[in-house]
Amino acid sequence: MIDSIYPILAFADNYIWAISAAADNRLCVVDPGDANPVIEYAEANNRIITDIFVTHHHPDHTGGLARLIEKYTPRIIGPAGSNIKGITQFVAEGDQVNLFDLDFTIMEVPGHTLDHIAFYQAGNDKTAPILFCGDTLFAAGCGRLFEGTPAQMQISLTKLKSLPETTRVYCTHEYTLSNLRFAQAADPTNNKLLERIKIETLKRQSHQPTLPSSIKLEIETNPFLRCTEPNLIESAAAQLERNPTTEVEVFAALRSWKDRF
């Protein structure tokens with residue numbers, strides 16, 4: 001079982017999630033772009049890194065692998081078809097990975113990159129489901145489309161949106177306030193969004209992370225999960241200077257606007 005999930009801050013705004021085993025001193029880290037803070041955390045907490053989850057190939061998610069391999073020789077689980085050096089177990093859609101006696105299901109979620117995966121644990125009657133989604137779904141946002149198409153990303157986000165609303169969402173960047181500013185521009189009369197802005201602003205003023213989020217909160221306030229809502233369709237139409245005809249068109253217009261925002 002899992003004892004805790006702790007955000008290790010790296011670079012300017014990355015979170016490397018540290019998953020501690022409840023029964024012993026094992027530690028799993030998610031997307032270690034920098035080895036230094038990971039090793040510092042492990043040593044300060046008397047933990048040994050036995051496992052690493054990797055969601056995609058970008059350097060700010062993989063840059064620490066070589067040093068962690070040298071120091072700990074962990075099992076490293078990452079996306080099939082990628083060229084990430086050091087992966088010991090390649091996984092694809094529907095595969096199961098056991099960590100600390102819990103089964104995680106692999107979800108392929110291309111869009112930000114073509115090799116992007118997420119790790120989902122379904123929880124039980126005592127624990128909420130958890131999702132490690134890298135740079136696909138952010139708090140109040142989603143990743144840029146560096147490799148995939150709007151259609152691919154929209155499908156990926158729909159898959160994540162279909163998870164239980166209680167799912168705790170562990171993405172890998174503290175982009176929340178910036179994302180919320182865009183969300184308010186795109187969805188200005190959403191009262192739940194306005195309330196979230198107040199709550200998340202107070203957290204950041206106290207130097208607290210805004211994560212994890214939840215699927216329920218994202219469905220209520222994330223414009224990229226709300227592409228069938230009238231406000232978002234209207235905002236997309238203003239960007240396109242015509243009425244969008246599909247949900248993908250709405251998403252693409254919003255994502256293009258966010259890139260320029």
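See the structure above.
The model shown is predicted, which means the values in this text are computed figures rather than measured ones. (Residues numbered from 1 in each chain as written. Predicted model: local features only at pLDDT ≥ 70, side-chain atom pairs only at ≥ 80, totals over all residues. Heavy atoms only, no water.)

Asks: What should I look at first to understand helix 5 (residues 176–186) in this one?
Replies: Since one α-helical turn is 3.6 residues long, residues separated by three or four positions face the same way. All of the buried residues along helix 5 are T176, N179, L180, F182, A183 and A186. On an axial view of helix 5, the arc spanned by its buried residues comes to 165°, and they lie on one face. Where the residues of helix 5 are buried, they touch strand 11 (137–138), strand 12 (141–142), helix 6 (191–205), helix 7 (215–221), helix 8 (230–240) and helix 9 (247–260). (Buried < 20%, exposed > 50% of the residue type's maximum accessible area, 1.4 Å probe, protein only. Helix = DSSP H or I, 4+ residues; strand = E, 2+ residues; numbered from the N terminus. Arc of directions from axis to C-beta. Contact = heavy atoms within 4.5 Å.)

Asks: I would appreciate a short explanation of the packing of helix 8 against helix 9 in the present structure.
Replies: Working note: a packed helix pair is described by the angle between its axes plus the distance between those axes. The geometry of helix 8 relative to helix 9 is characterised by a closest axis approach of 9 Å and an angle of 65° between their N-to-C directions. On the basis of the axis angle, helix 8 is roughly perpendicular to helix 9. For the crossing formed where helix 8 meets helix 9, the hand is left-handed. On helix 9, the residues touching L232, I233, S235, A236, Q239 and L240 of helix 8 are E249, V250, A253, L254, W257 and R260. For the contact of helix 8 with helix 9, the per-class residue count stands at eight nonpolar, two polar and two charged. (Axes fitted to C-alpha atoms, helices over the stretch in contact; angles between N-to-C directions. Parallel < 35°, antiparallel > 145°, perpendicular 65-115°, else oblique. Left-handed = near helix turned anticlockwise from the far one by under 90°. Nonpolar A, V, L, I, M, F, W, Y, C, P; charged D, E, K, R; others polar.)

Asks: It is not clear to me how helix 3 (residues 65–72) should be interpreted in this structure. Could you clarify?
Replies: Residues of helix 3 that are buried include every one of L65, L68 and Y72, and no others. Angularly, the buried residues of helix 3 cover 65° about the axis, an arc narrow enough to put them on a single face. Structural note: helix 3 exposes A66 and E70 on the side pointing more than 90 degrees away from its buried face.

Asks: Would you take a moment to explain empty space enclosed by the protein for this structure?
Replies: The rolling of a water-molecule-sized probe over the atoms marks out the regions of remaining empty space. A complete count under the given rule lists one cavity of 30 Å³ or more for this structure. Estimates place the volume of the largest cavity at around 40 Å³. With four residues, helix 4 (residues 150–161) is the single largest residue contributor to the lining of the largest cavity. Across the lining of the largest cavity, the residue classes break down as four nonpolar, two polar and two charged. (1 Å grid on protein atoms, 1.4 Å probe; cavity = no way out; pocket = protein on both sides within 12 Å on 5 of 7 lines; lining within 4 Å. Points joined across faces, edges and corners; volume = space filled by probe spheres on them.)

Asks: What exactly am I supposed to notice about the pattern of salt bridges here?
Replies: Side-chain pairs of opposite charge can arise whenever the charged atoms involved come near each other. Applying the stated criterion across every chain yields a total of 15 salt bridges. When the shortest N-O distance is used, the salt bridge between E43 and K71 registers 3.5 Å. Within this pair, whereas E43 is found in helix 1 (residues 35–44), its partner K71 is found in helix 3, the two being separated by 28 residues in sequence. Residue E43 is classed as partly exposed on the basis of its relative accessible area, which comes to 48%. Overall, the relative accessible area of 44% leaves K71 in the partly exposed class. Residue D259 is joined to R144 by a salt bridge in which the shortest nitrogen-to-oxygen separation is 3.3 Å. Taken together, the residues span a long stretch of sequence, with D259 in helix 9 and R144 in the loop between strand 12 and helix 4 at a distance of 115 residues. (Salt bridge = Lys/Arg side-chain N within 4 Å of Asp/Glu carboxyl O.)

Asks: Even after reading the chapter, I still don't get the packing of aromatic side chains, so can you show me in this structure?
Replies: The description of an aromatic ring pair rests on the distance of the ring centres and on the angle between the ring planes. All chains considered together, the criterion is met by 13 aromatic pairs. With centroids separated by 5.6 Å and ring planes inclined at 70°, the aromatic side chains of F224 and F251 adopt a geometry described as edge-to-face. On the criterion of sequence distance, the pair formed by F224 in the loop between helix 7 and helix 8 and F251 in helix 9 is long-range, its members being 27 residues apart. Exposure class is identical for F224 and F251. Each is buried. (Phe/Tyr/Trp six-rings, centres within 6.5 Å; stacked < 30°, edge-to-face > 60°.)

Asks: Sorry, what's going on with the sheet that holds strand 6 (residues 89–91) here?
Replies: The strands that make up a sheet pair up through hydrogen bonds in the backbone, lying either parallel or antiparallel. Here six strands make up an open sheet; going across it, the order is 1-2-3-4-5-6 and the pairing mixed. Only two strands of the sheet have a single partner each, and these edge strands are strand 1 (2–10) and strand 6. With direction set aside, neighbouring strand axes in the sheet form an average angle of 25°. With eight bridges connecting them, strand 1 and strand 2 (residues 14–21) associate as antiparallel partners. Bridged to P7 within strand 2 is W17. (Pairing = 2+ DSSP bridges.)

Interpretation note: all reported values are geometric properties and have no functional meaning in isolation.
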